[in-house]
Amino acid sequence: MTRRWLFADQLGPHFLDEPGQPVLLVESKAVFRRRVFHRQKAHLVLSALRHRAAELGDQADVVRAETYTQVVGGYPGGLSVCHPTSRAARALVGRLGVEVLGPRGFATSPEDFVAWAGGRRGLKMEDFYRDARRRHGILMDGAEPAGGTWNLDADNREPPPRGAGRLGVEDPPAIVEDAIDHGVREDLDRWQRDDGIEFLGRDGPRLFPATRREALARLRHFVEHRLPSFGPYEDAMLAGDPLMAHSMLSAPINLGLLDPLEVVERAEDAYRSGAAPLNSVEGFVRQIIGWRDFIWHLYWYFEPDYRRSNELGARRHLPKWFAELDADAVQARCLRDVLAGVRDRGWVHHIPRLMVLGNYAMQRGWHPGELADWFHRAFVDGYEWVMTANVVGMSQYADAGRMSTKPYAAGGAYIHRMSDYCGGCPYDPKVRVGADACPYTAGYWSFLKRNEAQLSGNHRMRQPMRGLGRLSDLDALVEQEKARGSRAP
Ligand code: FAD
Ligand code: SF4
């Protein structure tokens, strides 16, 4: 049987054709020279790779090298590989003459996606998701969706419980680091000290699963203790509860330690046994076989230049305080807390990514490609395939509406409604101009003003554009935001 070359995001058993298949694992240091990654992300990836090598024992050839080419070119006996997850890696395996199999680790196959997408004018996640539910028979009662409805989003947009500092769900049990982690930490310290390799963010105890066993334990714990509260509070933020009821499973799924279909099947079992309500289970299934797969397929389906889209002409560089996660430089409580979360954990949940970080960047006209690169490097679950549609499309509207029908731009009122941040902030979400003007509220209106020509043709933006026309203090607001420039708010 051909030896299977496993990339570091192909670590689960489903990337092998049978359990005893010979394996090649390559640990490439050049990856960490090319880009400044979050320290905890570098730790997680190396730890996962080395744990897999230890599990496989003699079954795996494990090679440490600067580049893949040094090892793989002309490998004796030939190699096969599952479709890699980036265009660059796809081109590399082609150049190296390795046999390339179809992708694994996603629910829908490329053929099914292309069959679904072909001939459609607009690609809507909701339509794709319903098709995937039918195709995989997930949460279906015969031909009908379980509970008689496809979409329970209306039940899943609750603000955080009033007055609560925490949601009150059990945190996932802490991961116990082992000798492999200690070795990784020593190596990263040495690379930093002696090899000029730089990292972003702070080191800390490993928070995310690096083995299949740890990943299964996290999944089990989530389904049992956290899934019931996942749905209603999916979009809510609490300063004292950064995890809320989110699964923290993106990193192990993206490392290939869990297969997405096994994940949603566990969630469905919880619904069928009465252990979790339908709105939570449907919301979770939607994230995995809906959003995650949709984003993956768009990466390949859109033209390669899609990631360079910049339809709003946003050209400002990311300021140093943001790029380097200097949360202490920020006064705005929401942004300060979220940036500190990235610095300390390399992870925050979806709404801080979209509505605090992405929203701020879009309001300020930061370059979408630079922002995508930052998300890729700063998040433990960041990969190129996941950045393109999420960051460039969804969060920055840089594709002028191919991903979402209107920009995810919002002022302080949204953050005030969905979090407890504003109470302890020196700014006031209702104030647009003056010393206590909320940078999100002012940033929202100045964003609309700057992009008036581009956005006024969008019927979903008609109401905000009318609001813009009614602002009596617009000139002062625009001046104020110009003066703010790239200073930390
Ligand atoms: P949960 O809220 O528990 O959701 C369950 C799972 O659904 C996640 O584990 C993930 O696998 C999947 N999922 C949900 N939404 C998406 C989505 N839009 N794209 C892909 N998968 C999704 N996700 C990443 O995996 N890596 C990233 O680097 C990443 N960057 C993002 C950047 C921006 C600007 C935005 C708006 C979203 C990004 N996401 C990314 C999607 C999403 O925010 C994360 O998957 C999620 O927050 C991870 O936390 P969790 O595992 O607790 O997710
Ligand atoms: Fe964020 Fe504005 Fe609220 Fe402060 S007032 S926490 S800056 S939204």
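From a predicted model like this one, the values you see are computed outputs, not experimental measurements.

1. Overview of the pairing of strand E2 (residues 23-28)
Piece 1. E2 sits mainly inside the fold: six of its six residues count as buried.
Piece 2. Side chains Val23, Leu25 and Glu27 project from E2 onto one buried face, and the interleaved Leu24, Val26 and Ser28 project onto a second face that is buried too.
Piece 3. Relative to E2, strand E1 (residues 3-6) runs parallel, the two sharing three bridges. Each bridged residue has a counterpart across the sheet, and for Trp5 the counterpart in E2 is Leu24.
Piece 4. Note that E2 and strand E4 (residues 60-65) share six bridges and pair parallel. Counted as the bridge partner of Val26 is Val63 from E4.

2. Focus on the site of ligand 2
Piece 1. Taken together, Ala332, Cys334, Gly412, Ile415, Tyr421, Cys422, Cys425, Tyr427, Pro429, Cys438, Pro439 and Tyr440 make up the full set of residues adjacent to ligand 2.
Piece 2. Elements with a minimum of two residues in the shell around ligand 2: helix H17 (412-418) and helix H18 (439-450).

3. With respect to the pattern of salt bridges
Piece 1. Using the criterion set out here, one finds 46 salt bridges in the structure.
Piece 2. Residue Asp195 is joined to Lys29 by a salt bridge in which the shortest nitrogen-to-oxygen separation is 2.6 Å. A residue pair is termed long-range when its members are at least 10 positions apart, and Asp195 in the loop between helix H7 (179-194) and strand E9 (199-200) and Lys29 in the loop between E2 and helix H1 (30-34) qualify at 166 residues.
Piece 3. Owing to a relative accessible area of 32%, Asp195 belongs among the partly exposed residues under this scheme.
Piece 4. When the shortest N-O distance is used, the salt bridge between Asp203 and Arg39 registers 3.4 Å. With Asp203 in the loop between E9 and helix H8 (212-230) and Arg39 in helix H2 (residues 39-56), the pair connects residues that are 164 residues apart, well separated along the chain.
Piece 5. Under the relative-accessibility criterion, Asp203 is labelled partly exposed at 34%.

4. Some words on the packing of aromatic side chains
Piece 1. Under the criterion given, the structure shown has 33 aromatic pairs.
Piece 2. Both rings, one in Trp116 and one in Phe294, keep their centres 6.4 Å apart while their planes meet at 80°; by these two values the pair is edge-to-face. In this pair, Trp116 sits in helix H5 (residues 110-117) while Phe294 sits in helix H11 (residues 278-301), placing the two residues 178 residues apart along the sequence.
Piece 3. For Trp116, a relative accessible area of 5% corresponds to the buried category.
Piece 4. With a centroid separation of 6.4 Å and 70° between ring planes, the pair formed by Trp321 and Tyr360 is classed as edge-to-face. Taken together, the residues Trp321 in helix H12 (residues 320-323) and Tyr360 in helix H14 (residues 350-364) connect sequence positions 39 residues apart. Considered together, Trp321 and Tyr360 belong to a single accessibility category, that of buried residues.
Piece 5. An aromatic cluster of at least three residues, connected via ring pairs, comprises Trp321, Phe322, Tyr360, Trp366, Trp374, Phe375, Phe379 and Tyr440.
Piece 6. Note that Lys41 overlies the ring of Tyr383, its terminal NZ or CZ placed 5.2 Å from the centroid.
Piece 7. Looking at Arg402, its charged tip hangs above the ring of Phe302, at a distance of 4.3 Å from the centre.

5. Quick notes on the packing of H5 against helix H6 (residues 125-136)
Piece 1. Two elements in contact, H5 and H6, have axes whose closest approach is 11 Å; the angle formed by their N-to-C orientations is 130°. It follows that H5 is oblique to H6 by the angle criterion. In this structure, the crossing between H5 and H6 has a hand that is right-handed. Contact residues: H5 offers Asp112, Phe113 and Trp116, while H6 offers Asp127, Phe128, Asp131 and Arg135.

Parameters at a glance
Each chain has its residues counted from 1, following the order in which its sequence is written. Starting at A for chains and at 1 for ligands, labels are handed out in the order in which the entities are written. Residues qualify for local features only when their pLDDT is at least 70, as the model is predicted, and side-chain atom pairs are given and counted only at 80 or more; totals for whole chains, interfaces and linings, by contrast, use all residues. The basis for every side-chain value is the complete set of non-hydrogen atoms in the structure, without hydrogens or water. Whether a residue is buried, partly exposed or exposed follows from its accessible area with a 1.4 Å probe, protein chains only, as a fraction of its type maximum: under 20%, in between, or over 50%, in that order. Only runs of H or I of at least four residues qualify as helices and only runs of E of at least two qualify as strands under DSSP, and these elements are numbered from the N terminus. Think of it this way: DSSP has to see at least two bridges between two strands before they count as a pair. Residues are labelled near a given molecule or strand when at least one of their non-hydrogen atoms is within 4 Å of it. Between Lys or Arg on one side and Asp or Glu on the other, a salt bridge is scored when a side-chain nitrogen of the former is within 4 Å of a carboxyl oxygen of the latter. Stacked, tilted and edge-to-face pairs are distinguished by plane angle, under 30 degrees for stacked and over 60 for edge-to-face with tilted covering the rest, among Phe, Tyr and Trp rings (Trp via its six-membered ring) whose centres lie within 6.5 Å. Look at NZ for Lys and CZ for Arg. If either is within 6 Å of the ring centre and within 35 degrees of the ring normal, a charge sits over the ring. The angle between two axes is taken between their N-to-C directions and runs from 0 to 180 degrees, where each axis is a line fitted to C-alpha atoms and a helix contributes only its stretch in contact. Should an angle fall under 35 degrees it is taken as roughly parallel, and over 145 as roughly antiparallel, whereas 65 to 115 is taken as roughly perpendicular and any remaining angle as oblique. A clockwise turn of the near helix away from the far one marks a right-handed crossing, whereas an anticlockwise turn of less than a right angle marks a left-handed crossing. When checking whether two residues touch, look at their non-hydrogen atoms; a contact exists if any pair is within 4.5 Å.

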